[in-house]
Amino acid sequence: MKKISLAVVCAAMALMFASPRRSLPVPNSSRGALAFRVTFGEKRTGVKTYDGSVHTAGGRLLRLAPWRFFGADRIAGADSWKLEIKRGPIENQPGQPVLLAEGAVVPQNLVTAGILVTVEASTGSATFRTAGGTFTVPVAQLRYGRPLEFLDGDVRVERAPEVKQLSTEAGEQHDYPALAVTRSGGVWFAWQAYRDGGDHVYARAPNGALTRLTENRADVFRPSIAEDAQGRIHVVWCERSGEEWHLVERVFSGQWSERARVPDAGTPNFYQRLAASPGGRLHMVWVGHEAGESYLYTSSLEGDVWSRPMRAAGPGVWRPDAAVDARGTLHVAWDSYQNGNYDIFYRSIGAEGAAGKIEAVTTSPRFEAHASIAIDHEGRPWLAWDESGANWGKDWNHADVSRATTLYAGRAIQVAVRSEGRWMQSGEFSAAASERLRRYAQAPRLAADGAGRMWALFQMRTSADSTHDDGWATGGLWDLYLSSYENGEWRPAALVPNSTGRPEAPFEIAGARDRVWTAWAGDGRTYTGKGGNHERPTMVRYDVFAGEAAAAGDPGRARLSERVEPVLRPQAVHNRERQDIGRVRAYRTTTGGVEYRILRGDFHRHTEISYDGAGDGSVEDYYRYMIDAGGMDTGIIADHNMGGDMEYNWWRTEKSYDLFRIPGRFLPLFGYERSVRFPNGHRNVVFDHRGVRTLPVQQDENQGKVNSGRIVYPYLRQNRGICMEHSLATNQGTDYRDNDPNLEPLVEIYQGYHASYEYPAAPRAESDGNQLAMHGPFQPAGFWWNALARGLKLGVHASSDHISTHCSYAMIFTPSADRTAIVENMRRRHAYAATDNIILDFQAEDSSGARHLMGEAFSAGGHPRLRAHIAGTGRIAQVDLARNNQFVYNARPAAAEFDLDYYDQSSPPGENYYYVRVIQEDGNLAWSSPIWIAQR
C-alpha cells in the first residue's frame, strides 16, 4: 500500500471543501418513462386549429411540453393544450430561399408545431382528441426510426429520447459536456461552466454526486472523460496558463487526485479525446501546435503515467476522434487542410504501438470535416463526417457567386465502413433526415450499443426566420437528431428534446449494454414566430442535458457497397495563392528608421453569435477560414455586440481570441461590431487586450437623436480602442457627423458582401442607378470622398461582413506581430485595402529625403514626391494617383509589378492628401490610405 503524506491528506480535505459534491437525481429514469413527439400540420394545407387533450390507457401521463408554440399557443392543463397551426417567419425548406432587401417583409410560411409527451413506459395507448380530429397512438409499439401518421398524414408521431437536465446551478452557463459509460454500466459526465469571468470543470458520478474539479476559475476548453483499465475515471481538459494552453487532468479512484498537467506538445493544445478499449486500455488524441502548424498527437496511459506524446499526423490537423477495438488497436480519424481543402484522414495504431500508414478517406475538392469514428461488433471502424461544396471559403461576392462555396452554404453527412482493407458505403445517410431539414445536416457522432446497432447523433438547422438566396439567414435554430442503422439503412431520425443550441455545439454519444447515452448543451432558445430583430440575443441560458435511447430486436447486418467519390471538377482558383501569401508575409519596407511588414486581416466577419449570422457558420468555421482557407494573420469576430450584449457570448468570443492565438501563424485581436443605423453608422470596435465588455446601443442613438461620438469615443479612449465605420453609403453607414482621428482612424472602403464606398460609380461601387439590395437604402453621404473633402483623416481597409469570403483584405503595416503594435499602427492609418493578396507600399518623400508611410500627416517645404511599389497577383491594368479627390496621374503597366514615382510640381498651397488605387486586369483592386502633406 502506498503511503500518503499528511500534506496530501490536508490538501485533499481542503479541495473537498473548495469543491463540494452535491447529490443530484440520477438521469436514468426512462426505463419507467417513454417520450414521443406529436407534430400537427404536417401537410401544411392552411391555418388550422389543433386544440386538444390526451388520455392514456394502461399507464399515466407524466408531462406535456410545447414544441414550436408561439402567439396564443399554450399548455392549458395537465393533459390539454391550445394550438393553432399558423404562419410565421420561417425558412421554406425544401424550396429555394428568396432574395430579400433589408427591411423587406419576411415571407410567412406555415409553421408545423406540436407537443412532447412523456408517459409511463407501461402505457399501452394514448388517445388524442383535437379540433382537427381524434386518433389513438399505440404507445407500446412506438419504435425509433418508425414514425406513425394519423389524420391522413397531417399528424406525425415519433419516439423521442427521455431527457434529464444535469446542470442545476442557475448562476452559471453550463457547456461542453462529455460522457463515459463504464464497463459496469455506470454513466459519468463532465462539463465546464462559466460565471464571473472564468470557467469551472464539473464531474458527475453515476449516483448523481457532483464534484467541482477546479479550485479557481480559469479559461477552460472542452473536458473529456473516460474509464481506465483499473476502473479509475479520468477527466482531462485544456486550460490557459499565461499565453499557453495545456492539458490538465484529475483522476477519480474513490477520491479525486490533485490536478496534474498531462505531457503535451507546443501551444495551443486542444480538441483532446479520450478513448478506452473494451478492456480499459486508455488512449488520448489531441491537436498540438509547433512552429505555427497543427499536428495530431497521441498518448497512452501506462500504469499511472501518460506516455510521451507521439506526433501521428500533420500539418493542418483539426478535430481528431478515436476508438479502440477489442484487439487493442487504436483507430484515429481527423480532418486536415494539408491539400488545400478539408479532407478526412484515418490511421490505426496497433496495441504494441506500431502505426499503420495514413489513409486519405476522402480526396475530393469538397469541404469534408468533423470526423467521428466508432467500432462495430465485427471490429470494423465506422467513420462519419459532414461535407459541403468545393472551393470552400474561396472567392465569393455578389458579382461572382459561381466559383466558391461560402462557409455555411449547406452540410450533408456521409458514413463509411472499413471492411477488408477498403472503405465501403453503408447506405445513404440522407434517409435519416427529413426532406424539409436536409439542407443542413452536420457534425455527426457515432456509437454502437451492446446489441451491435450503430447510432448517429447529429445536428440540423431546424428553422431560420429568413434566408436569402445567397445563404445569408437570420434567427437560426439548431437541434439534435438521433438515428440508428438497421437492416442496411439509416432510419428516420428522432428529434432530441431540449437540444436547441448553436451550430456545432458540443454533444456526445456513447454505447452501453442495451442502449446509447447522449449529452449536450442547450442554449434555451425556442422558436418565437417574430423574426426581424437583428439584435435579439442568440442564447437564453446554457444547460447540460442527458438522454438515452434503446431499440429492441436484431439490427441486422450492414449492407456495404463499393464507395466511389463523385467526380467533381470545380473551377481552379488561386493556383499561386501560397506563393502570393508568402510574398506578402516576406515583404519589408523601411520609413523613419523603422522596418515594417504587412499583416493580412479581416475585421468584419460574423458567426452564429449574431442573430443575423445563421448563414455564416460557427466560431470554429471562422477560425478554419481565417487560418486555412483565407490564410489570414489577424482579425476579429465582428458579431453584433457579441450576440446582443450577452455576457456568455462575450466570454466565448473573448476566450476564442486567446485559444486560437497560434504563435507564428495567427494572432486575433479583440473586438466586435457595434451596430447603429444611419446617420451614426455601424462600427467595428478593436482592442489590443482582453476584458472590455460590449457597449450597449440605446434607442436614441439608434434613431440618430444622439450622436454616437459622445457615447463611443470616451469608451474607446478609456480602453485604448479604435473603431472603424463600414457599409458607408447604406442605411448602416454614416454622414460623418463624428470623427476623432485618434479613435476612428480607418473606414471599410470595400466590403465583399456589398460594394466599394470610394465614390459613386467607382469600381465596384454603387451609384444612383446601380444599387445592391443588401444593406438598406442608398445613402450617398457616406462615400469616403465626402469625408476626405471635409478634411477628415480616414485611412482604409477592406473586410467581408456576412457570407463573402476571400476577397476582402485589411492589410496592416506594422513593425511587429503583437497585438499592441497592430492596433497602434491601425491607429496611425498604416493600412490599405485589397480584394486579393496585392502588395501596395505607398510613401511620400519630403524635401529632406525622409519618407513617410501611408496614413501619415506631415508638413514639408516644396513639392512632394510620391512613390509606390505595387506587386499584383495578376497583370496590373491601371494605377491611379488621386490628389484631393481628383486623379492627377495614371499609368497602365500591363505587368504584374509596377513602381510609381511621381513628383507633384503642381501641388497647391495648404494641406493636400494623396492616395493610390490599383486595378488589375482580372478586376481585383487595392486602395492605399492617404498621405496628408501640409505644404509650407
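The structure under discussion appears in the preceding block.
Undergrad: I'd like a description of the overall build of the chain, backed by residues and values.
TA: Looking only at helices and strands, one finds nine helices and 67 strands in the chain. Taking 2.2 N^0.38 as the reference for a compact globule, 936 residues should give roughly 30 Å; the C-alpha atoms of the chain span a radius of gyration of 29 Å, in line with that estimate. With respect to the three principal axes, the spread of C-alpha positions in the chain is 95 × 70 × 55 Å. When burial is assessed residue by residue, the chain has 63% of its 936 residues classed as buried. In the chain, the share of contacts with a sequence separation of at least 24, taken over all contacts with a separation of at least 6, comes to 65%. Accessible area of the chain: about 32,700 Å², with a carbon and sulfur share of 48%. Taking the average place of the 104 positive charges on the side chains of the chain and the average place of its 110 negative ones, the gap between the two points comes to 3 Å.

Undergrad: Give a detailed account of the packing of aromatic side chains, specifying residues and quantitative values.
TA: On inspection of all chains with the given rule, the structure shows 53 aromatic pairs. Considering the side-chain rings of Tyr-542 and Tyr-648, the 5.2 Å spacing of their centres and the 65° angle between planes classify their relative orientation as edge-to-face. Of the two residues, Tyr-542 sits in the loop between strand 46 (516–522) and strand 47 (543–549) while Tyr-648 sits in helix 5 (residues 647–659), which places them 106 residues apart along the sequence. The residues Tyr-542 and Tyr-648 share a single accessibility class, namely buried. Members of the aromatic cluster, joined through ring pairs, are Tyr-176, Phe-221, Phe-270, Tyr-271, Trp-318, Tyr-622, Tyr-623, Phe-660 and Phe-666. A cation over an aromatic ring shows up here: Arg-311 above the ring of Tyr-295, its NZ or CZ 3.7 Å from the ring centre. The ring of Trp-650 has Arg-693 lying over it, and the distance from NZ or CZ to the ring centre is 5.1 Å.

Undergrad: So what's going on with helix 5? Residues and values would help.
TA: For helix 5, which comprises 13 residues, the first-to-last C-alpha distance of 18 Å matches the rise-based estimate of 18 Å (1.5 Å per residue) to within 8%. Within helix 5 the residues assigned to the buried category are Tyr-648, Asn-649, Trp-650, Trp-651, Arg-652, Thr-653, Glu-654, Lys-655, Ser-656, Tyr-657, Asp-658 and Leu-659.

Undergrad: Tell me about the sheet that holds strand 23 (residues 244–252), and please be specific about residues and values.
TA: The strand order 21-22-23-24 describes an open sheet built from four strands, whose pairing is antiparallel. Only two strands of the sheet have a single partner each, and these edge strands are strand 21 (220–227) and strand 24 (260–261). In terms of strand pairing, strand 23 meets strand 24 through two bridges, oriented antiparallel. Looking across to strand 24, one finds that Glu-249 is bridged to Ala-260. Relative to strand 23, helix 5 is tilted by about 110°, and along the sheet it contacts strand 21, strand 22 (233–241) and strand 23.

Undergrad: Requested: an account of the environment of Val-119, with residues and values cited.
TA: Along the chain, Val-119 falls in strand 11 (residues 113–120). Take Val-119: its relative accessible area is 0%, and that puts it in the buried class. When the C-alpha atoms of Val-119 and Leu-62 are compared, they prove to be 5.0 Å apart, with 57 residues separating the residues in sequence. Excluding residues within four positions of it along the chain, Val-119 makes contact with Gly-32, Ala-33, Leu-34, Phe-36, Thr-56, Arg-60, Leu-61, Leu-62 and Val-139.

Undergrad: So, the pattern of salt bridges: which residues are in play, and what are the values?
TA: If you walk through the whole model with that rule in mind, you get 73 salt bridges. Of the charged contacts in the structure, one is a salt bridge between Arg-217 and Glu-172, with a shortest N-O distance of 3.3 Å. Residue Arg-217 is found in the loop between strand 20 (209–212) and strand 21, and its partner Glu-172 is found in the loop between strand 16 (162–165) and strand 17 (173–181); the two are separated by 45 residues along the sequence. Exposure remark for Arg-217: the relative accessible area of 27% places this residue in the partly exposed category. Looking at Glu-172, the relative accessible area reads 0%, which means it is buried. Between Arg-491 and Glu-489 there is a salt bridge; the shortest N-O distance is 2.6 Å.

Undergrad: I'd like to hear about the layout of surface pockets, residue by residue, with values.
TA: If you add up the space inside the second largest pocket, you get close to 990 Å³. As for the second largest pocket, its lining consists of 46 residues, and the residues nearest its centre are Arg-578, Ile-627, Asp-628, Gly-631 and Arg-665. Within the residue set of the lining of the second largest pocket, elements represented by two or more residues are strand 34 (366–375), helix 2 (577–586), strand 50 (594–602) and helix 3 (619–629). Looking at which element gives the most residues to the lining of the second largest pocket, the answer is helix 2, with five residues. Its residues placed into classes, the lining of the second largest pocket shows 19 nonpolar, 15 polar and 12 charged.

Undergrad: Go over unusual backbone geometry, please, and point to the residues and values.
TA: The phi angle of most residues is negative, glycine excepted, and most peptide bonds adopt the trans form. Gln-93 connects to Pro-94 through a cis peptide bond whose omega is 5°. Secondary-structure assignment places Pro-94 in the loop between strand 9 (87–89) and strand 10 (108–110). For the bond from Gly-314 to Pro-315, the omega torsion is 5°, close enough to zero to count as cis. Along the chain, Pro-315 falls in the loop between strand 29 (310–313) and strand 30 (317–324). For Glu-420, which is not glycine, the phi torsion reads 55° and is therefore positive. Accessibility expressed as a relative area gives 75% for Glu-420, which makes it exposed. Residue Ala-761 is not a glycine yet carries a positive backbone phi of 70°. You can see Ala-761 is positioned in the loop between strand 55 (746–751) and helix 8 (784–789).

Undergrad: Any chance you could break down the sheet that holds strand 33 (residues 359–360) for me, citing the residues and the numbers?
TA: With antiparallel pairing, the four strands of this open sheet are ordered in space as 30-31-32-33. At either margin of the open sheet sits one strand with a lone partner, and together these are strand 30 and strand 33. Alignment of strand 31 (residues 330–336) against strand 32 (residues 343–349), held across seven bridges, turns out to be antiparallel. Bridge pairing in strand 32 places Asp-335 opposite Ile-344. Helix 3 rests against strand 30 and strand 31 of the sheet, and its axis sits at about 120° to strand 30.

Undergrad: Talk me through the pairing of strand 17; I want residue IDs and the actual numbers.
TA: If a strand is regular, its side chains alternate between the two faces of the sheet. Of all the nine residues making up strand 17, eight are buried; the element is thus mostly covered by neighbouring parts of the structure. Judged from the seven bridges that link them, strand 17 and strand 18 (residues 187–194) form a sheet pairing that is antiparallel. Counterpart to Ala-180 in the pairing with strand 18 is Trp-188. Hairpin connection, strand 17 to strand 18: the antiparallel pair is bridged by five residues, and Gly-185 has positive phi, about 100°.

Undergrad: Quick one: what's the story with helix 7 (residues 709–718), residue by residue and with numbers?
TA: Buried residues of helix 7: Gly-709, Val-712, Tyr-713, Tyr-715 and Leu-716, and no others. Around the axis of helix 7, the buried residues are gathered within 165° of arc, so they sit on the same side. In helix 7, the exposed residues that point more than 90 degrees away from the buried face are Arg-710, Arg-717 and Gln-718. Looking at the residues trailing helix 7, positive phi occurs at Arg-720, about 55°.

Undergrad: Requested: an account of empty space enclosed by the protein, with residues and values cited.
TA: Within the structure shown, the criterion is met by five cavities of 30 Å³ or more. In this structure, the largest cavity encloses a volume near 270 Å³. Taken together, 21 residues line the largest cavity, and the ones lying closest to its centre are Tyr-176, Phe-221, Val-619, Glu-620 and Arg-652. Every element with two or more residues in the lining of the largest cavity is listed here: strand 21, helix 3 and helix 5.

Undergrad: Help me get a handle on the side chain of Thr-730, residues and values and all.
TA: Its location among the elements puts Thr-730 in the loop between strand 54 (722–725) and strand 55. Classification of Thr-730 as buried rests on a relative accessible area of 1%. Here the side chain of Thr-730 touches Gln-732 through a polar contact of 3.0 Å, landing on its backbone nitrogen. Residues within four places of Thr-730 in sequence aside, it is in contact with Phe-678, His-754, Tyr-757, Glu-766, His-775, Pro-777 and Gln-779.

Thresholds applied
- Residues numbered from 1 in each chain as written.
- Predicted model: local features only at pLDDT ≥ 70, side-chain atom pairs only at ≥ 80, totals over all residues.
- Heavy atoms only, no water.
- Helix = DSSP H or I, 4+ residues; strand = E, 2+ residues; numbered from the N terminus.
- Rg over C-alpha atoms; globule rule 2.2 N^0.38 Å.
- Buried < 20%, exposed > 50% of the residue type's maximum accessible area, 1.4 Å probe, protein only.
- Contact = heavy atoms within 4.5 Å.
- Areas by Shrake-Rupley, 256 points an atom, 1.4 Å probe, with all protein chains shown as cover.
- Lys, Arg positive; Asp, Glu negative; His and termini not counted.
- Charge placed at Lys NZ, Arg CZ, Asp CG, Glu CD.
- Phe/Tyr/Trp six-rings, centres within 6.5 Å; stacked < 30°, edge-to-face > 60°.
- Lys NZ or Arg CZ within 6 Å of the ring centre and 35° of its normal.
- Expected span 1.5 Å × (residues − 1).
- Pairing = 2+ DSSP bridges.
- Axes fitted to C-alpha atoms, helices over the stretch in contact; angles between N-to-C directions.
- Salt bridge = Lys/Arg side-chain N within 4 Å of Asp/Glu carboxyl O.
- 1 Å grid on protein atoms, 1.4 Å probe; cavity = no way out; pocket = protein on both sides within 12 Å on 5 of 7 lines; lining within 4 Å.
- Points joined across faces, edges and corners; volume = space filled by probe spheres on them.
- Nonpolar A, V, L, I, M, F, W, Y, C, P; charged D, E, K, R; others polar.
- Arc of directions from axis to C-beta.
- Polar contact = N/O pair within 3.5 Å; in protein donor to acceptor, adjacent residues only side chain to side chain.

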